[in-house]
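Here are the chains, one letter per residue:
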Amino acid sequence: MTQPVSSFRLNLYLVLGTITMHGVMMLANELFFRRAEFLQGIGWIYLPAGTRLLCTLLFGQAGAIGLLVTGWCACYWYYFPGDLVRATAGALAGAIGPYLVYVIAQHRLGLRASLINLTPARLLLCAVGCSLASPLLHHVWFALRGDPHLLSGFTVMFIGDLAGTLIVVYVAKTLLTLLPAPSRVR
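Residues numbered from 1 in each chain as written. Predicted model: local features only at pLDDT ≥ 70, side-chain atom pairs only at ≥ 80, totals over all residues. Heavy atoms only, no water.

Engineer: Give a detailed account of the overall build of the protein chain, specifying residues and quantitative values.
Structural biologist: Along the protein chain, the regular secondary structure elements total six helices and two strands. Traced from its N-terminal end to its C-terminal end, the protein chain shows the element sequence α-β-β-α-α-α-α-α. Taken over the C-alpha trace, the protein chain has a radius of gyration of 17 Å; the compact-globule value for 186 residues is 16 Å, and the two agree within 12%. Summarising its shape, the C-alpha atoms of the protein chain cover approximately 65 × 35 × 35 Å along the three principal directions. Of all 186 residues assigned to the protein chain, the portion counted as buried reaches 37%. For the protein chain, the accessible area works out to roughly 11,200 Å², and carbon and sulfur atoms hold 70% of it. (Helix = DSSP H or I, 4+ residues; strand = E, 2+ residues; numbered from the N terminus. Rg over C-alpha atoms; globule rule 2.2 N^0.38 Å. Buried < 20%, exposed > 50% of the residue type's maximum accessible area, 1.4 Å probe, protein only. Areas by Shrake-Rupley, 256 points an atom, 1.4 Å probe, with all protein chains shown as cover.)

Take a look at the structure:
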């Protein structure tokens, strides 16, 4: 007889799953879209934005924690090596933005944790919301630091996040259609 997984262990698995998925998307983005970068860390296509949406929708707070860990590691060791403040700000913006959209979707759209009422229109609304929230938080930070590329950087980050999100969501949807239909219990 198997024992139920504790809440702590389940959340740990969800955080680790998010770290893995988000890390794989970061690597895929580097492999396929490195040349589509406008500024360091801002690209015309950003696949990890798709995992930000999926992981927060599927895993909630545990997904946001996984995004925070992965984002911090990527920012600290790759995008802005050794810059603890910039890495922390970037990771917070990348994790908090999608999580806020998730919380707002729960309250304003009545989105349930099971996602049973996540319609294509609501998913698109969440995708646009995440594609606005993360760049907005990033650019608030950039404005405080005196960045001269605020409007162009925000525009490219929004387009890149939305393109990456739509690519990831539609690839995931296509992969799900390849799975066998669940058997019906009679």
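Engineer: Outline a nonpolar patch on the surface, listing residues and values.
Structural biologist: Among the surface-exposed residues, Val5, Phe8, Leu10, Leu12, Tyr13 and Leu16 lie close enough to one another that they form a single nonpolar patch of about 600 Å² accessible area. Mapped onto the secondary structure, Val5 falls in the segment before helix 1 (7-33). The exposure class of Val5 is partly exposed, given its relative accessible area of 46%. (Patch = residues over 30% accessible without salt bridge, like charges linked within 9 Å, V, L, I, M, F, W, Y side chains within 5 Å. Salt bridge = Lys/Arg side-chain N within 4 Å of Asp/Glu carboxyl O.)

Engineer: Lay out the nonpolar core with the relevant residues and their values.
Structural biologist: Leu53, Leu57, Val101, Leu111 and Cys126 are the most contacted members of the largest nonpolar core, which totals 17 residues. The set of elements that each furnish at least two residues to this core consists of helix 2 (48-59), helix 4 (84-108), helix 5 (120-144) and helix 6 (150-178). Non-local contacts of Leu111, meaning those with residues more than four positions away in its chain, are made with Leu57, Ala105, Gln106, Asn117 and Leu118. Formed by eight residues, the second largest nonpolar core is a distinct cluster that contains Met26, Ala49, Tyr79 and Ala87. (Core = buried A, V, L, I, M, F, W, Y, C linked by side-chain atoms within 4.5 Å. Contact = heavy atoms within 4.5 Å.)

Engineer: Quick one: what's the story with helix 2, residue by residue and with numbers?
Structural biologist: For helix 2, built from twelve residues, the straight-helix expectation of 16 Å at 1.5 Å per residue is met to within 8% by its first-to-last C-alpha distance of 16 Å. Counting buried positions along helix 2 yields ten of twelve residues, so the element is predominantly enclosed. Those residues of helix 2 that are buried are in contact with helix 1, helix 3 (61-79), helix 4, helix 5 and helix 6. Directly after helix 2, the chain includes Gly60, whose backbone phi takes a positive value near 60 degrees. (Expected span 1.5 Å × (residues − 1).)

Engineer: Got a sec to walk through the pattern of salt bridges? Specific residues and values, please.
Structural biologist: Overall, the coordinates contain two salt bridges when judged by the stated rule. Where Asp161 meets Arg52, a salt bridge forms, and the shortest distance between an N and an O atom there is 3.6 Å. Residue Asp161 is found in helix 6, and its partner Arg52 is found in helix 2; the two are separated by 109 residues along the sequence. A residue is classified by how much of its surface remains accessible, and Asp161, at 3% relative accessible area, is buried. Residue classification places Arg52 among the buried positions, given a relative accessible area of 9%.

Engineer: Summarise the packing of helix 2 against helix 5; cite the residues concerned and give the values.
Structural biologist: Two elements in contact, helix 2 and helix 5, have axes separated by 10 Å at closest approach and are oriented at 115 degrees. Between helix 2 and helix 5, the angle is such that the two are roughly perpendicular. Of the two elements, helix 2 crosses helix 5, and the hand of that crossing is right-handed. Residues Arg52, Leu53 and Leu57 of helix 2 form the contact with helix 5, whose own contacting residues are Leu123, Cys126, Ala127, Cys130, Ser134 and His138. (Axes fitted to C-alpha atoms, helices over the stretch in contact; angles between N-to-C directions. Parallel < 35°, antiparallel > 145°, perpendicular 65-115°, else oblique. Left-handed = near helix turned anticlockwise from the far one by under 90°.)

Engineer: So, the packing of aromatic side chains: which residues are in play, and what are the values?
Structural biologist: This model, assessed by the stated rule, comprises seven aromatic pairs. Where Trp72 meets Trp77, the ring centres are 5.6 Å apart and the plane angle is 80 degrees; that geometry is what we call edge-to-face. Considering the side-chain rings of Tyr79 and Phe80, the 6.3 Å spacing of their centres and the 45 degrees angle between planes classify their relative orientation as tilted. Take Tyr79 and Phe80: they sit in the same class, and that class is buried. When the ring centre of Phe80 is taken as origin, the NZ or CZ atom of Arg86, which lies over that ring, is 4.0 Å away. (Phe/Tyr/Trp six-rings, centres within 6.5 Å; stacked < 30°, edge-to-face > 60°. Lys NZ or Arg CZ within 6 Å of the ring centre and 35° of its normal.)

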